[in-house]
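Per-entry structural report
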Amino acid sequence: MFIDGKWCEAEGGKTFDVFNPANGEKIAEVPDGGAAEATRAVEAAEAAFGDWSQTTAYQRAAFLMRAHALMIERKEDLARTMTEEQGKPLKASRNEVQYGADFLQWFAEEAKRVSGAVLPSARSDQRFIVLKQPVGVVAAVTPWNYPISMITRKVAPALAAGCTVVLKPAEATPMCAIAMFKIFEEAGLPQGVVNLVTGLDPKPIGSVFTGHRAVRKLTFTGSTAVGKMLAGEAAKGMKRISLELGGHAPFIVFEDADPEHAAKGGSLVKFLNTGQACISPNRFLVHRSLVEKFTETMTARVSKMKAGSGFEEGIAIGPLVNQAAIDKVDNQVSDALAKGATATTGGGPLTEGALGDGKFYAPTVLADVTPEMLIYREETFGPVAAIIPFDTEEEAIAMANDTEYGLAAYIYTRDISRAMRTFERLRFGIIGINDINPTSAAAPFGGMKDSGMGREGAQEGIEEYLETKLGGFSV
Ligand code: ADP
C-alpha cells in the first residue's frame, strides 16, 4: 500500500492473493488492509491537503504531465500487468492504458482552465465574486473491469482541482493500481497527496470512506447495489458523491439501417472486454424486417471469435472475472432458452480442451428474446448478444427506455430526423449514433437513474471536485 508517501504493509503483515483469471494461477500477494490503514491514509491526505491545494494549477498540471509521460513510456508493462490480472486481450489492455493516460493529459490541461466569475449585482455598492475551490479529501473506489483507466479518470481530475486522494482498487486487480501508484510516486507528487489502500474485504475500508469526517467527496465506479449503499452512508456525513454504476444498454437498429454494418458494429462493442463493461449493449432491438440479416451477420462474426489467454495472438474473448459471473451469465442464457429463445452460436460455458475448466463462456447470440426473459431486464456483464425484434419507432424507444438503468445506448439509422428524435427521447447519458465508441477523455461519461450521477472526463469531470464559493462585497 502507499500511504503518506511510503510503501507499506498491512498491520500484522496480512496479505491476500491475486490470481490470473484465465488459468487460476496465483500471481501475487498484496497487503490486506482494513479500517486502520484506510484511516491512516485519509489522515495523511487531510494533512497534505493544505499545501497541495495552495499549489498553482501550473504546478499540478506539471505533475500530471509527468505521470502521463511515465504511463506512455511503460505502456507495454502496464498492459501486460493488466492482461495477467484481468484477462483481457493484450491489444485491449494497450488501448486501455492509452485511454487511461489520456485522462492525465486532459486534466493537466483542464487544471489551468478552472475559473470563477464576477457577477453583476442589482445594488450599485455591491460586487459578486464566484470562486472555485477544491472540495478536500477525495475517497475513490474503482472496479476490476477497467483497472487502470478508472483510476486515472478519478485521480487526475481530483489532483488537477487541488484535492488529495485515497484510493481503494478492486480486490481482483490491485497490481494495476500498484503499478499506477509507482508512477504517481515517480512523478514526484508530495507525500500524502495520493494514497493507496488495498484489501480483500472492501467493507471496513468503505466504512472509513463514508464515515470519516475528513473525506469530503466519494467517487465510486461499480455495481448499482454497492453504489446505492455507499451513497446512503455518505449522505449521513453530507459528503459529495459521483457514482458510475451498472447499465443495460439498448442497441437499436432501425429499418432504414444497413443490417450488416450494424451487426458488425454491434458484435465489436458487445464483446469488448468479454461483455464486462457498463456500456456494453445488453439488448439488440432490431426492426423485424432486418432481424434475419442482422442475426446471420452477427452469428457469423461471433462464431469466429476465439477465446483464450489474452497473451495469445488473435484472441477476442477473455475469461470472466469469477465463477459467480459465469453462473450469472449462464442463468440468464438458460432462462432465455427455456422460455423460447434460440442460441444461434454459443449458449454455455466452454467445456473442451485447455479452456474447459469453466473460466470461459462461449460467445453467444440469442435470437427471439422477449420481455419475459431475465436477460431483457438484468445486466449480463458477459459475452451474450440478445436480439429482440420490434415493429415501430415508438415501440423501440419505449422498449429501450423500459429499464431502471440509463448509462449508454446505441442507435443505427440513416435517417437524420429519426436519429435526432431518438437521441432526444432516450433516457441515457451516453448515446452512440451509428457509432460504437462514444467515449473519450474529452467527452462527459456518466449515467442517469440507477446508472448513477455525476460525469467523468470532459470539462464536467473537474467540476465534480470543486466547490463553488460566493463572495458578496460591499464597496
Ligand atoms: P462488481 O460486482 O462489478 O465487482 P462491486 O460494486 O462489488 O462490483 O465492486 C466495485 C468496487 O466496489 C470494488 O472496488 C469493490 O471492492 C468495491 N466494494 C464492494 N463492496 C463495497 C463496500 N461495501 N464498501 C466499499 N467498497 C465496496
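The model shown is predicted, which means the values in this text are computed figures rather than measured ones.

About the criteria used
- Residues numbered from 1 in each chain as written.
- Predicted model: local features only at pLDDT ≥ 70, side-chain atom pairs only at ≥ 80, totals over all residues.
- Heavy atoms only, no water.
- Salt bridge = Lys/Arg side-chain N within 4 Å of Asp/Glu carboxyl O.
- Helix = DSSP H or I, 4+ residues; strand = E, 2+ residues; numbered from the N terminus.
- Axes fitted to C-alpha atoms, helices over the stretch in contact; angles between N-to-C directions.
- Parallel < 35°, antiparallel > 145°, perpendicular 65-115°, else oblique.
- Left-handed = near helix turned anticlockwise from the far one by under 90°.
- Contact = heavy atoms within 4.5 Å.
- Nonpolar A, V, L, I, M, F, W, Y, C, P; charged D, E, K, R; others polar.
- Buried < 20%, exposed > 50% of the residue type's maximum accessible area, 1.4 Å probe, protein only.
- Arc of directions from axis to C-beta.
- Pairing = 2+ DSSP bridges.
- Domains from an automatic or database assignment.
- Buried area = accessible area lost by both parts, 1.4 Å probe.

**Quick word on the pattern of salt bridges**
The tally for this structure, following the rule as stated, stands at 29 salt bridges. Between Glu260 and Lys293 there is a salt bridge, with its nearest N and O atoms 4.0 Å apart. Here Glu260 is found in helix H9 (residues 259-271), whereas its partner Lys293 is found in helix H10 (residues 291-302), with 33 residues between them in sequence. A salt bridge links Lys339 to Asp335; its shortest N-O distance comes to 2.7 Å.

**Here's the deal with the packing of helix H2 (residues 57-73) against helix H4 (residues 90-111)**
In the contact formed by H2 and H4, the axes pass within 8 Å of each other and the chain directions differ by 165 degrees. Taken together, H2 and H4 sit at an angle that is classed as roughly antiparallel. Between H2 and H4 the crossing geometry is left-handed. For the pair H2 and H4, contact is made by Ala57, Ala61, Leu64, Met65, Ala67, His68, Met71 and Ile72 and by Val97, Gln98, Gly100, Ala101, Asp102, Leu104, Gln105, Phe107, Ala108 and Ala111, respectively. Residue classes in the contact of H2 with H4 are distributed as 13 nonpolar, 4 polar and 1 charged.

**Concerning the environment of Ile326**
Note that Ile326 resides in helix H11 (residues 323-338). Judged by its relative accessible area of 4%, Ile326 falls in the buried class. For the pair Ile326 and Phe360, spaced 34 residues apart in the sequence, the C-alpha separation amounts to 7.7 Å.

**Let's talk about helix H13 (residues 393-401)**
Note that an α-helix has 3.6 residues per turn; residues three or four places apart therefore point the same way. Listing the buried residues of H13 in full gives Glu393, Ala396, Ile397, Met399 and Ala400. What you see down the axis of H13 is that its buried residues fit within an arc of 165 degrees, all on one side.

**Regarding the sheet that holds strand S5 (residues 117-119)**
Taken in spatial order, the 3 strands make up an open sheet running S5-S6-S22, and their pairing is antiparallel. Here the strands that pair on one side only, and so sit at the sheet edges, are S5 and strand S22 (466-474). Within the sheet, the average angular offset between the axes of one strand and its neighbour, ignoring direction, is 25 degrees.

**Some words on the domain arrangement of the protein chain**
Per the domain assignment, the segments of the protein chain are domain 1 (2-245 + 451-474) and domain 2 (249-440). The centre of domain 1, based on its C-alpha atoms, is set 31 Å off from the matching centre of domain 2. The interface is formed by 22 residues belonging to domain 1 together with 21 residues belonging to domain 2. The contact between domain 1 and domain 2 buries some 1800 Å² in all, and 62% of this surface belongs to carbon and sulfur atoms. For domain 1, the biggest contributors to the area lost against domain 2 are Pro89, Trp144 and Ser451; these three give 27% of the whole. At the junction of domain 1 and domain 2, the tally comes to 0 salt bridges. At 4 residues, the largest contribution of residues to the side of domain 1 that touches domain 2 is made by helix H3 (residues 75-86). Among the residues making up the side of domain 1 that touches domain 2, the classes are represented as 9 nonpolar, 8 polar and 5 charged.

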